[in-house]
Every structure is written in structure tokens, then in C-alpha cells.
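Fold and contact review
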Protein chains: 4
Amino acid sequence: MDGFERRVEDKPFTVAGRTFTSRLIVGTGKYADFAENAACAEAAGAEVVTVAVRRVNLTDPTQPMLVDHVSPERFTFLPNTAGCYTGEDAVRTLRLAREAGGWDLVKLEVLSDPKTLYPDVFETMRALEMLVKDGFQVMVYTTSDPVTAKRMEEAGAAAIMPLGAPIGSGLGLQNPLDIRLIVEQSEVPVVVDAGVGTASDAALAMELGCDAVLMNSAIAEAREPVRMAQAMKHAVVAGREAYLAGRMPRRMYADPSSPLAGLI
Amino acid sequence: MDGFERRVEDKPFTVAGRTFTSRLIVGTGKYADFAENAACAEAAGAEVVTVAVRRVNLTDPTQPMLVDHVSPERFTFLPNTAGCYTGEDAVRTLRLAREAGGWDLVKLEVLSDPKTLYPDVFETMRALEMLVKDGFQVMVYTTSDPVTAKRMEEAGAAAIMPLGAPIGSGLGLQNPLDIRLIVEQSEVPVVVDAGVGTASDAALAMELGCDAVLMNSAIAEAREPVRMAQAMKHAVVAGREAYLAGRMPRRMYADPSSPLAGLI
Amino acid sequence: MDGFERRVEDKPFTVAGRTFTSRLIVGTGKYADFAENAACAEAAGAEVVTVAVRRVNLTDPTQPMLVDHVSPERFTFLPNTAGCYTGEDAVRTLRLAREAGGWDLVKLEVLSDPKTLYPDVFETMRALEMLVKDGFQVMVYTTSDPVTAKRMEEAGAAAIMPLGAPIGSGLGLQNPLDIRLIVEQSEVPVVVDAGVGTASDAALAMELGCDAVLMNSAIAEAREPVRMAQAMKHAVVAGREAYLAGRMPRRMYADPSSPLAGLI
Amino acid sequence: MDGFERRVEDKPFTVAGRTFTSRLIVGTGKYADFAENAACAEAAGAEVVTVAVRRVNLTDPTQPMLVDHVSPERFTFLPNTAGCYTGEDAVRTLRLAREAGGWDLVKLEVLSDPKTLYPDVFETMRALEMLVKDGFQVMVYTTSDPVTAKRMEEAGAAAIMPLGAPIGSGLGLQNPLDIRLIVEQSEVPVVVDAGVGTASDAALAMELGCDAVLMNSAIAEAREPVRMAQAMKHAVVAGREAYLAGRMPRRMYADPSSPLAGLI
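All values reported here derive from a predicted model rather than from experimental measurement. (Residues numbered from 1 in each chain as written. Chains lettered and ligands numbered in written order. Predicted model: local features only at pLDDT ≥ 70, side-chain atom pairs only at ≥ 80, totals over all residues. Heavy atoms only, no water.)

1. With respect to the overall build of chain A
Looking only at helices and strands, chain A has 8 helices and 10 strands in total. Scaling as 2.2 N^0.38, a compact globule of 264 residues should have a C-alpha radius of gyration of about 18 Å, and chain A matches this with 19 Å. For chain A, the C-alpha atoms occupy an extent of roughly 70 × 40 × 35 Å along the three principal directions. Looking at chain A alone, contacts between residues at least 24 apart form 65% of all its contacts between residues at least 6 apart. For chain A, the computed accessible surface area is about 8,800 Å², with 50% contributed by carbon and sulfur atoms. Averaging the coordinates of the 26 positive side-chain charges in chain A and doing the same for the 35 negative ones gives two points 2 Å apart. (Helix = DSSP H or I, 4+ residues; strand = E, 2+ residues; numbered from the N terminus. Rg over C-alpha atoms; globule rule 2.2 N^0.38 Å. Contact = heavy atoms within 4.5 Å. Areas by Shrake-Rupley, 256 points an atom, 1.4 Å probe, with all protein chains shown as cover. Lys, Arg positive; Asp, Glu negative; His and termini not counted. Charge placed at Lys NZ, Arg CZ, Asp CG, Glu CD.)

Dropping the structure here:
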């Protein structure tokens with residue numbers, strides 16, 4: 001047990017036909033300025049940055065623009081629908097993004113209430129169906145419920161992005177079992193999105209077999225964001241390699257016939 | 001809170017006057033052969049390898065010798081007392097090692113019973129005092145009890161090596177609070193020894209502020225030891241950098257005045 | 001913090017107008033025989049027993065019948081839809097139950113796949129709407145997602161029954177944060193359903209502020225089911241009273257400005 | 001596994017020849033007044049109360065006296081050495097108590113520093129040996145280190161009282177594995193002392209097979225102490241009965257050959 005016997009296949013991280021070497025996706029919009037944002041994306045070794053279309057200036061040249069610091073030539077831009085509370089909102093936002101930048105690989109999130117920032121899976125599913133029909137490649141932010149994840153994969157999602165904990169909480173993975181169940185069943189990539197607070201959280205997500213991790217606050221709100229970006233780069237590699245290497249079995253030193261056996 | 005306000009000073013990992021760049025110490029004696037052992041020490045980027053003097057051939061040239069694969073020129077050898085159950089045993093063993101290789105930086109472990117492999121802190125303390133009097137620089141394996149750790153530092157230990165979990169269990173850190181209390185009080189380096197099972201365990205140990213991690217089974221018993229050694233190299237760097245970077249504060253999204261506040 | 005300042009109101013456990021003293025709901029159908037089932041329901045002090053309409057003989061007098069041991073005069077029967085994989089199946093099953101026993105307080109579960117026994121929230125929502133329209137009082141089994149729970153409450157659910165862990169797993173509450181978020185937002189009772197393995201799990205569920213706990217395997221599969229039923233009776237009272245009493249604040253003895261603060 | 005196959009013997013809680021029905025020992029000295037203290041001891045169903053000889057007035061009739069509220073006829077008084085920092089201090093304190101009340105069943109604690117209130121196991125061991133020689137029956141407060149516990153049992157301790165977490169922290173059991181290892185090896189009773197914060201913590205301690213639990217702050221510092229005392233009474237019974245009943249096995253629903261197997 002403990003995965004020892006089973007050789008894990010080392011698949012590249014490929015979403016909608018695009019293959020990435022880095023398995024760490026970083027955010028935009030929470031940094032002191034675009035320069036710090038760019039420095040963190042570099043330090044993280046990221047190839048994909050996700051952009052809140054409604055919050056980040058992508059089109060007004062009279063204002064500071066993200067693209068002047070984080071170049072779309074160097075990074076794959078992943079427009080997201082942060083701030084959208086209905087399916088229609090989300091679809092409208094992503095259509096604007098596609099017109100502006102030609103982006104059709106997108107991240108869908110349809111949130112519910114402003115307190116927990118949990119997704120509304122019903123609205124998300126509706127929006128997903130509209131977007132798929134409209135030709136988008138949709139990476140979808142959802143709860144850690146494996147059945148919902150499966151339904152979204154069946155509806156054409158390009159990647160499943162289960163939450164590890166509430167957005168911006170830094171609490172770490174609250175439900176590793178759910179995340180693992182999603183990994184085992186999915187034929188599209190699984191990317192933990194939201195909840196990572198520090199390096200060991202990111203390593204754990206990768207050890208569960210996820211294909212990648214997306215984070216924003218964990219880097220942007222660290223005391224030294226660039227240093228944390230470097231930490232995260234190493235953490236994601238560490239977790240991935242540990243997953244592929246196959247960890248040692250756990251051993252219980254307490255009497256295996258005792259009630260402790262299941263406790264530790 | 002969450003350490004956000006406090007800048008952590010980046011001290012080098014210096015034990016008994018020797019400074020190391022790598023913060024990952026690896027073991028010997030559990031590998032398929034010395035060649036695999038050497039390959040893992042390289043892949044881990046280790047500068048220190050610990051050697052069970054009673055178990056590893058250091059002196060008989062008619063048998064395969066560790067030093068032919070893991071060179072004492074390249075790695076600092078840290079002789080240890082694995083297999084010793086009394087203070088006198090431990091002292092005798094380390095004197096032999098010093099005569100054989102000139103090593104005076106040593107790792108003391110005096111175990112208790114063969115089942116849990118927990119240290120006997122009373123015997124360990126006795127042996128520590130003998131060794132210090134005898135001029136050794138002693139890194140000492142102990143429980144995670146902060147008071148015992150303090151007594152050992154007062155008795156002249158060069159480093160405190162609290163256990164994370166039983167040796168060879170791979171269970172991960174069972175008591176992060178104790179480890180952190182030791183880190184806060186210690187003026188000598190703190191090295192988690194025993195219990196690490198996978199990469200996130202090593203990252204967590206470093207995030208608590210430990211100076212280094214020692215591991216043996218986690219690498220030697222992985223399905224692919226060399227790959228796991230690489231994973232651990234990244235994990236230790238990730239945890240150290242995250243510690244220095246200062247993690248984001250945790251946020252509780254549930255009502256902070258509710259009973260949940262303390263639960264998560 | 002830790003809920004110390006806030007007085008918690010002691011509300012009775014009232015579902016769809018019926019008030020119960022016991023906050024422990026037990027199952028049927030996993031016991032050696034109906035006699036053991038009845039003994040456990042008694043020992044648990046239960047007032048409600050849930051019955052899998054498709055699996056337990058309620059109508060064929062030529063076979064052993066549950067009602068001959070667990071009397072509908074003494075216990076409130078809560079018919080459930082275990083074994084139903086579509087909304088229509090669930091509705092049909094509960095209509096049959098209503099015709100057979102006049103029961104209109106029911107527990108809806110629409111599962112997804114036979115491996116994890118997780119609910120399908122989309123089918124469950126459809127079935128819930130049909131049943132509410134049809135005049136049933138529906139206690140609904142769902143994931144621990146607070147947004148889904150809110151949608152179900154808005155659709156007319158009489159109680160929300162979030163899963164603690166997969167049915168029959170005995171793993172204990174996997175996501176206390178989610179459960180607590182549901183408790184804070186709900187105006188109908190919240191009953192943890194599935195996942196409890198032992199007494200401390202049940203106590204924890206109640207300490208989070210849930211109104212009740214439902215369990216089946218934890219009692220039926222214990223080595224001594226009747227004794228475990230008694231343990232659970234005490235555990236539910238213990239957790240409820242602790243919730244109402246307001247636990248002591250947690251205190252961190254490590255330096256509060258250190259990274260440990262958020263770790264423990 | 002999970003203790004299912006092994007029948008646990010139901011032994012009474014007997015310390016130094018005295019048998020108690022209640023397995024919950026409560027403290028004194030943290031309550032608003034002696035009347036509340038007495039009410040909580042009653043509500044907890046306690047038969048033993050532990051008394052800090054240096055802090056509670058046992059002898060001066062011009063001041064309020066504990067014995068006027070908590071009767072030594074009704075409760076077994078267990079004098080303790082709270083506030084003692086050396087072995088000699090502890091011995092002197094307990095001799096005074098024996099002269100005052102004839103008590104020879106005592107609780108020894110020799111603390112180290114005032115911050116963490118951890119015991120000093122070296123001083124504790126010295127004091128234990130003196131007290132045993134002096135004819136006391138000594139229940140000894142110690143760390144959760146199983147080897148230290150064994151040494152104390154060999155030195156004549158009447159009961160081992162490992163800490164669950166720092167005194168007054170309410171953090172719950174930090175190291176269930178250690179506690180369980182102590183339970184498995186001990187031939188004298190094991191009583192978790194310090195660290196319990198709420199009902200589920202107490203239930204968990206008992207589920208590990210401990211003979212009893214001692215608590216002070218968890219009751220005295222609850223918002224409603226008497227109510228919490230009742231909760232704890234039920235929690236200890238729940239945990240004990242669950243231990244004896246033999247919990248259901250845990251089941252992993254994720255692929256057992258996967259790396260998850262050891263994670264949950």
C-alpha cells in the first residue's frame with residue numbers, strides 16, 4: 001500500500017493541447033504593482049498567469065497595463081471570471097477577453113456569496129455548457145466534490161480546478177480525500193486552485209497526484225513575495241517528484257491490532 | 001499573526017563551527033548497495049552523510065567499503081551510534097570512529113527498545129555528558145520534549161535533533177508544536193531527525209524554522225530512491241525559503257466569534 | 001475568540017414541526033437481525049430511525065418485518081432512498097413509502113457511483129424540487145458544500161444533511177470548516193450524515209453546532225453494536241452540551257509572533 | 001485492524017488499590033469561588049479532585065476553605081505539587097500535605113519554565129524516587145514520551161499522567177501516537193493530564209485506551225463551567241464505551257494502491 005507497488009506514469013501537463021513544463025500557475029491583481037507581479041511570475045518559473053478580466057487593465061493604454069510588465073509573448077494568459085456571479089456574466093466577460101486578446105483557453109469561476117467566495121456549482125455548470133458550445137477551452141473552478149467534477153468533465157471541461165480551501169484563506173487543503181478521488185477519476189488535468197498558504201501545502205497537492213497548482217494570495221501576501229514565489233517553484237517540483245518517486249510505506253509502531261491502528 | 005510581522009533572520013546552517021549550504025542530511029546503510037547510496041547523496045545535494053559505525057564497513061578493506069563510493073573528501077561523515085542501547089556503548093563506538101577516521105563531529109543516539117526505536121533520554125544525557133567531556137562535538141537525537149532539549153543544550157550539545165515520528169515510520173511530524181517550541185528556545189541548530197515520509201513532511205519541518213532535516217528511509221525505501229532524493233532537495237529548499245519569506249496570514253471565513261474559530 | 005464571548009442559543013431539534021429530544025438518528029438494514037437493530041435503537045436513545053425503503057421489508061407479512069421489532073409507534077420512521085440513482089427513482093420510492101406507511105417526512109439521497117457513494121447534487125436538487133412540490137418534508141443528503149446546501153434550503157429542504165465522509169467509511173469529519181459554514185448559514189436543522197466512525201467524531205460534529213447526527217455503520221459494524229450505541233448516545237450529548245457551554249479559548253504557548261501561530 | 005478483532009478487557013480504574021467508578025478527575029483553584037468548584041465537581045460526577053497544595057487553603061480556618069465546599073468525605077483528595085520547580089520542593093510540599101490531611105496518594109508535577117509549563121523529566125524522576133522511598137503512592141505528570149513513562153513505572157509510579165498538550169492550552173491531544181504507545185506498554189493506569197479543551201478531546205483520550213482524564217481549565221474556563229462539566233462526564237463515558245465496544249474499521253474509498261492510501 002501507500003502507492004509503493006504502483007508505478008505512476010509521468011505525463012506532461014497538457015491542457016487543451018498545450019503542454020507546459022511548469023506546474024505552477026500564478027495570479028495577477030493582488031500585488032503592490034505590475035512590476036512586483038512580473039518579478040513573482042518570473043521567480044515562480046510560471047508559464048501561465050491567470051488574469052481577472054474585470055479587474056486588471058488589459059485594454060486602456062492611458063493607464064498602467066499588465067501586458068507592459070507580464071508579456072503575453074512570454075506567458076500564456078489565462079483570463080478568468082473573478083467577480084462574476086451569474087453564468088451570463090461569466091460568458092460575457094470571457095467573450096470580451098477573447099475579442100481583446102484572442103484568448104480561448106480560459107478559467108471559469110462563478111462565485112456565490114462574497115463571504116466565502118465558494119463557487120456556485122449550478123451556475124458554474126450552466127456557464128460551462130454555454131462556453132463549451134461557444135468554442136472556449138474551459139478550465140473550471142469548482143468545489144472538491146468528485147461527482148460535480150465528473151459532471152463538469154462530461155460537459156467538456158478542459159481541466160478541473162477544485163478548491164483546496166476558501167479563496168484567499170491560506171488554510172491549506174481541507175479535504176485531501178476529495179482531491180484524491182478527483183485525481184483518480186479524471187482524464188483531464190486536475191489543478192488545485194485556492195487555499196494554498198505555504199510551500200508544504202503546494203507540495204501536498206502535488207503528492208496527491210494533481211497536475212498543477214494555481215495560487216495568488218500565497219505569493220502576493222507573503223512578507224517577501226518574490227522569495228515565496230521561489231519557494232513555491234521548489235515546492236511544486238518537490239511534490240511532483242515525490243509523487244512520481246513513490247513514497248515509502250507508512251509503518252505503525254503501535255500494536256496493529258489495537259484501536260490506534262486507524263488513528264495515526 | 002502567522003509570523004507575518006516578524007522578519008526572520010537568515011542564518012547559515014553552522015554546526016560546531018562548520019557551515020553547510022545544504023540543509024538535508026542523508027543516511028547510509030538502508031540502500032541496495034553503496035552505489036545507490038552514493039547516487040542518492042548526490043541527488044539530494046547533501047554535504048553531510050550520517051554513518052552507523054556499527055553497521056557500515058569503514059575499516060575492513062577485504063569487504064566493500066562505503067568510503068569507496070561516498071567519499072569523505074566530498075561529504076562530511078557524521079558517525080552515529082545506531083544500535084547502541086547504553087551510554088557506555090555509545091561512547092565506545094564513537095571513540096572507535098574517531099580513531100578510525102578522525103571524526104569528532106558525531107551524532108549520538110541511545111535507543112530504548114527495538115520496537116519503537118525511541119531514544120532513552122536518561123541514558124542519552126549520560127552519554128552526552130561523557131562525550132562532551134571527551135571533546136566530541138555532539139549532535140544529539142532526542143524526543144521532541146523542549147525541556148529535555150534545553151537540558152541537552154545546556155550540557156553542551158552542538159545540535160538538537162528531535163524526532164518527528166518513530167524512526168523508519170514515515171508518519172510525518174507528529175508534534176509540530178513541540179518542534180516549534182524547541183526552535184524558539186535553541187541557540188544551537190535544530191535538525192528534525194526521523195519520521196519524514198515524503199516531501200511535504202520535509203517542507204513542513206523547515207517551515208517551522210528548523211535548521212536542517214535528516215532522513216534515511218524516506219529516500220532509501222521510496223520506489224525510486226534517486227528521484228525521491230531530488231524531491232527532498234527541492235522540499236527542503238522550499239520549506240526554508242517559505243519560512244524566510246513569511247507566509248500569508250491564515251484567514252477564517254467562518255464567523256470569527258463562533259466555536260469554529262479554534263477548530264480550523 | 002473561540003466562541004467564548006458569544007452565548008449560543010439552545011434551540012430544540014425541530015424538523016418540519018416535529019420536535020425531538022434525542023439528537024441521534026440511527027439506521028436500519030446493516031444489523032445481524034431486526035432484534036439487534038431494535039436493541040441498538042433503544043440503547044442509542046434514538047427517536048428517529050431511517051429506513052431504506054428498497055432494502056427493508058416494510059410490507060410483506062410472510063417475511064420478517066422491521067416493524068415487528070422497531071415499532072413505528074415508538075420511533076419516528078424516516079424513509080430514505082438508498083439505492084436510488086436518479087431523481088425519478090427517488091420520487092417513486094418515497095411515494096410508495098408514503099402510501100405504505102403514511103410517512104411524509106423523508107430523507108432524500110440520490111447517489112452517483114457505487115464506489116464512493118457520494119451524492120449527485122444535480123439529480124438530488126431535481127428530486128428535491130419534485131418532492132417539495134409533491135408535499136413531502138424532505139431532509140436532504142448532500143455534499144459539505146455550503147452553497148449547494150443553501151440552494152437546497154431555498155428549494156424547500158426541511159433539513160440539510162451534509163456528509164462528513166463517504167458513507168460507510170468511518171473516516172470521521174473530513175471537512176469541519178465546510179460543516180461549520182453550513183451551520184452558520186442555515187435556518188433549517190443541519191444533521192451530519194455519513195462518515196462518523198467513533199464517539200469523538202460524533203462529539204465533534206455536535207461541537208460544530210450541528211443539530212443532530214445520523215449514523216448506521218458506526219454502530220452496526222462495531223464489535224459490540226449495543227455498547228457502541230450507548231457510547232454514541234453519550235457522545236452526542238457531550239458534544240451538544242460542550243457547544244452550548246462554550247469551550248475555553250485555545251492558547252498558543254509558542255511565541256505568538258512566530259510562524260507557529262497559525263500551525264497549531 | 002482498527003482494533004476490530006481484539007476484544008478489549010474492561011478493567012476497573014484502580015490506582016494504588018483504590019477503585020473508582022468515575023474516570024474524570026477535576027481540578028481546583030481556577031474557579032470563581034469554591035462553590036462553583038464544588039458544583040462542577042458534582043456535575044462532572046468526579047470522585048477525585050486534585051488540589052494544588054501551595055495554592056489552595058487547606059489549613060487556615062480564618063479564610064475560606066476548599067474542604068467546606070468540596071468535602072474530603074465525598075471526594076478523594078489528590079494533592080499535587082503545582083508551583084514546584086525542584087524535586088526537593090515537591091517532596092517538601094507533599095510531606096506537608098500528608099501531615100495536614102493524611103493523604104499519601106499524590107500527584108507529582110515538577111515543572112520547568114513558567115512559559116510552557118512542561119515538566120522537567122529529570123527533576124521529576126528524582127522527586128519520584130524520593131517520594132516512593134518515602135512511602136507515597138505517586139501519580140506522575142510527565143511528557144508523552146513512552147520511554148520516560150516506562151522508566152517512571154519501573155521507578156514505582158502508581159499511575160502515568162502524560163500531557164496531551166501544554167497545561168491550560170486547550171489544544172487537544174497533540175500526539176495520539178505517543179499516548180497510545182504508553183497505553184500499550186503500561187501496567188499501571190494511564191491518565192491524560194493537561195491539554196483537553198473540549199468534549200471530543202476527552203472522548204479521543206479515552207478511545208486511545210487511557211484509564212482516565214484529568215482536566216482543570218477546560219471546565220473552569222468554559223463560558224458555563226457547570227454545563228461543560230456535564231459535557232465532560234458524558235464525553236469520558238462515550239470514549240470509554242467506544243473503546244470497549246471496538247470501533248468499525250476505517251475504509252479508504254480512494255484506490256488503495258494509490259499514494260492516498262496513507263494520507264487519510
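There is more to say, and it comes next.
2. Things to note about the relation of the copies chain B and chain D
What relates the pair of chain copies is a rotation about an axis plus a shift along that axis. Structural alignment of chain B on chain D gives an RMSD of 0.0 Å, achieved by rotating through 180 degrees and translating 0.0 Å along the axis. On this basis, the relationship between the two copies can be described by a two-fold rotation axis. In terms of C-alpha distance to the rotation axis, chain B has N175 of chain B as its closest residue, with the C-alpha 3.0 Å off the axis. When the interface residues of chain B are mapped onto chain D, 100% of them again lie at the interface, so the same face is used by both copies. (Least-squares fit on C-alpha atoms with pLDDT ≥ 70 in both.)

3. Regarding the relation of the copies chain D and chain C
Once chain D has been moved 0.0 Å along the axis and rotated by 180 degrees, it coincides with chain C to within an RMSD of 0.0 Å. In this assembly, 100% of the residues forming the interface of chain D have copies in chain C that are likewise at the interface, indicating an isologous arrangement.

4. Some thoughts on the UniProt feature "binding site: 1-deoxy-D-xylulose 5-phosphate" (unreviewed entry) in chain A
Residue and element names in this part refer to chain A. Under the local residue numbering, the UniProt record ascribes the feature "binding site: 1-deoxy-D-xylulose 5-phosphate" (unreviewed entry) to G168, A194, G195, N216 and S217. Considering the C-alpha atoms alone, the annotated residues occupy 50 residues of sequence yet fold into one spot, their largest mutual distance being 9.4 Å. Along the polypeptide, A194 turns up in the loop between strand 9 (191-193) and helix 6 (199-207). Under the relative-accessibility criterion, A194 is labelled buried at 10%. Discounting residues that sit within four places of it in the chain, A194 has contacts with Y141, L163, G164, A165, P166, I167 and L214. Structurally, the position occupied by S217 is in helix 7 (residues 217-220). (UniProt positions renumbered as here; feature names shortened; annotations may be inferred. Buried < 20%, exposed > 50% of the residue type's maximum accessible area, 1.4 Å probe, protein only.)

5. Remarks on the interface of chain B and chain D
Across the boundary between the two partners, chain B contributes 23 residues, which contact 23 residues of chain D. Of the roughly 1,900 Å² buried where chain B meets chain D, counting both sides, 62% is carbon and sulfur surface. Our count for the contact surface shared by chain B and chain D stands at 2 salt bridges. For the pair chain B and chain D, the interface holds 4 residue pairs in polar contact (both at pLDDT 80 or more). The set of elements that each furnish at least two residues to the side of chain B that touches chain D consists of helix 3 (121-133), helix 4 (146-154) and helix 5 (176-185) of chain B. The residue inventory of the side of chain B that touches chain D, partitioned by class, reads 11 nonpolar, 6 polar and 6 charged. (Buried area = accessible area lost by both parts, 1.4 Å probe. Salt bridge = Lys/Arg side-chain N within 4 Å of Asp/Glu carboxyl O. Polar contact = N/O pair within 3.5 Å; in protein donor to acceptor, adjacent residues only side chain to side chain. Nonpolar A, V, L, I, M, F, W, Y, C, P; charged D, E, K, R; others polar.)

6. Things to note about the environment of F34 of chain B
Counting through the fold element by element, F34 of chain B comes out in helix 1 (residues 34-43). Once the C-alpha coordinates of F34 of chain B and P64 of chain B are considered, the two residues, 30 residues apart in sequence, prove to be 8.2 Å apart.

7. Examining helix 5 (residues 176-185) of chain C
Residues and elements named next belong to chain C. Counting buried positions along helix 5 yields 8 of 10 residues, so the element is predominantly enclosed. Within the sequence span of helix 5, burial applies to P176, L177, D178, I179, R180, L181, I182 and V183. Packing partners of the buried residues in helix 5 comprise helix 4 (146-154), strand 8 (159-162), strand 9 (191-193) and helix 8 (225-245).

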